[in-house]
Amino acid sequence: MHSVGNAAETAAVRSVLLELLGDVDAIAERFVVALTQVVPYSDGAVDRAQLLADGVNTYERVLRRLVGMPVPERFVELSRGLGRHRAQLDVPLSAVTTGTRLHFRIVWEELAERLPPDALVAMVTLPVQLWQAVEEHSTDVQIGYHEAATALAFERDRDRRRVVEAFLDSDGEDGELLARAAGVLGAGTGDDVFVAFVPGRARQAVTALAARGGVHLHEWHGGTVVLAHRPRGTWPLDAGTSGRPVVPAALRAVPCGVGPLAHGVGRVPRALRVAQQVAGALPATAAAPARLAGAAVAVAASALGGLREDLARDVLHELLVLAPPERDRLLETVDAYAATGSVATTAERTFCHRNTVLNRLRRVAECTGLDITVPAQASVLLLALTAWRWQDG
């Protein structure tokens, strides 16, 4: 211990410090009495025996430092272990810091009781040395606390994600799992939930949504699930539709599948299956959200699996073997007519006479055996074209 004062005063202080070092059990008891006036220690957040043991270790470390004795490395680990322990018990860091800094007051009061006032006043650097010794302990406590708090936060986040993942994989009928998932999402079980599935290639486009209140992102089956909730009946719907949710502005330029609005958290898994199927059928050129109604043919083609090639070959073979210029003109005309159902509008879009449009549609019918102006045949032709483009793309 280094201080400014005469030799007698220095010796007196050192003698008292050594006396305190031999009396750490009693000092720790005094500390616990004071600490248990502080919430949450007053509520029994930490076992009293543990508080006493931690107090003994702390005072031995602090007093050793003041006396100038070696402080073994194990005291550093004991201080950090204290911090980890408090974090695991969810004791607020502010309360932990209040406790560690209380040690300064306890030691100073002990010194004041055991030393003559003149000796204490003469040791002008003693308060600084005591504060530094306590702060060394406090710093290690905080390091341990933050280590444990970070690990706990990671584990809790992982647990929350596991709950959501299990729920998304479920049928939504398990009441306990439903309640836990709603709790993680911060939603009422009866809320309306917007559901979208963003395929992996567009994942970066939705990262900004994570900071928005009421929006939950979850990595799931190679893509990102977007969930947003509002109380029942308050989610805006597209005009003229029955239940189609308005897509949040941040998603309107993101290629993704949008499911039907889930009326209640329990319907989220089914809505997600729809969104996932739609997302899986999106063409590589997609640049906006799609719903099942607008992607039904593509979803149907996707569902054909290995039959896609067979359907495309069976229906389109004679059309696809035509010279590319003619084939492309015919396909352009089919696409325009399928989008409008009007020969006149198709003529405008393809910059040709309406008779040319009729001739091209007739030529497609000759090659495929299907007349696109007949609804039942048009559905098969469009499905075959979508299947061919799927495998060709």
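All values reported here derive from a predicted model rather than from experimental measurement. (Residues numbered from 1 in each chain as written. Predicted model: local features only at pLDDT ≥ 70, side-chain atom pairs only at ≥ 80, totals over all residues. Heavy atoms only, no water.)

A.B. asks: I tried to follow the overall build of the chain on my own but got confused; where do I start?
C.D. replies: Within the chain, the secondary structure is distributed over 15 helices and six strands. In summary, the chain has a C-alpha radius of gyration of 37 Å against a globular reference of 21 Å for 393 residues, an excess of more than 25%. Along the first, second and third principal axes, the C-alpha set of the chain runs to 120 × 40 × 35 Å. Surface accessibility of the chain: about 19,500 Å² in total, with carbon and sulfur atoms responsible for 54%. Placing the 40 positive and 45 negative side-chain charges of the chain at their respective mean positions leaves the two points 7 Å apart. (Helix = DSSP H or I, 4+ residues; strand = E, 2+ residues; numbered from the N terminus. Rg over C-alpha atoms; globule rule 2.2 N^0.38 Å. Areas by Shrake-Rupley, 256 points an atom, 1.4 Å probe, with all protein chains shown as cover. Lys, Arg positive; Asp, Glu negative; His and termini not counted. Charge placed at Lys NZ, Arg CZ, Asp CG, Glu CD.)

A.B. asks: Whenever I open this one, the state of the cysteines confuses me. Can you help?
C.D. replies: Chemically, a disulfide is nothing more than a covalent bond linking the sulfur atoms of two cysteines. The final tally for this structure, using the stated rule, is zero disulfides. C352 forms no disulfide, and the closest cysteine sulfur to it belongs to C367, at a distance of 17 Å. (Disulfide = S-S within 2.5 Å.)

A.B. asks: What exactly am I supposed to notice about the nonpolar core here?
C.D. replies: One broad trend across soluble globular proteins is that nonpolar side chains are buried collectively. Within the largest apolar cluster, 41 residues are counted, with the highest numbers of intra-cluster contacts made by L17, Y41, Y59, L63 and L111. Going through the elements one at a time, α1 (7–21), α2 (24–35), α3 (48–67), α4 (73–88), α5 (93–114), α6 (117–122) and α7 (126–168) are the ones with two or more residues in this core. Once residues lying within four places of it in the same chain are set aside, the contact partners of L63 are L17, L20, L21, V24, I27 and V107. Grouped together as the second largest cluster of nonpolar side chains are 30 residues, V225, A262, A290 and V299 included. (Core = buried A, V, L, I, M, F, W, Y, C linked by side-chain atoms within 4.5 Å. Buried < 20%, exposed > 50% of the residue type's maximum accessible area, 1.4 Å probe, protein only. Contact = heavy atoms within 4.5 Å.)

A.B. asks: I'm lost on the pairing of strand β2 (residues 215–220) in this one. Help?
C.D. replies: Every other side chain in a regular strand lies on the same face of the sheet, so the side chains alternate between the two faces. Note that β2 and strand β3 (residues 223–230) share six bridges and pair antiparallel. If you follow L217 over to β3, its bridge partner there is V226. Linking two consecutive strands that pair antiparallel, namely β2 and β3, is a turn of two residues; a positive phi of about 50° is found at H221 within it. (Pairing = 2+ DSSP bridges.)

A.B. asks: Would you mind showing me how to read the side chain of S170 here?
C.D. replies: Within the secondary structure, S170 sits in the loop between α7 and α8 (175–185). By relative accessible area, S170 is classed as buried at 17%. Among the polar contacts listed, one links the side chain of S170 to the backbone oxygen of F167, at a separation of 2.6 Å. At a separation of 3.0 Å, a polar atom in the side chain of S170 contacts the main-chain amide nitrogen of G172. Leaving out residues up to four positions away in the same chain, S170 has contacts with L177, P269 and R273. (Polar contact = N/O pair within 3.5 Å; in protein donor to acceptor, adjacent residues only side chain to side chain.)

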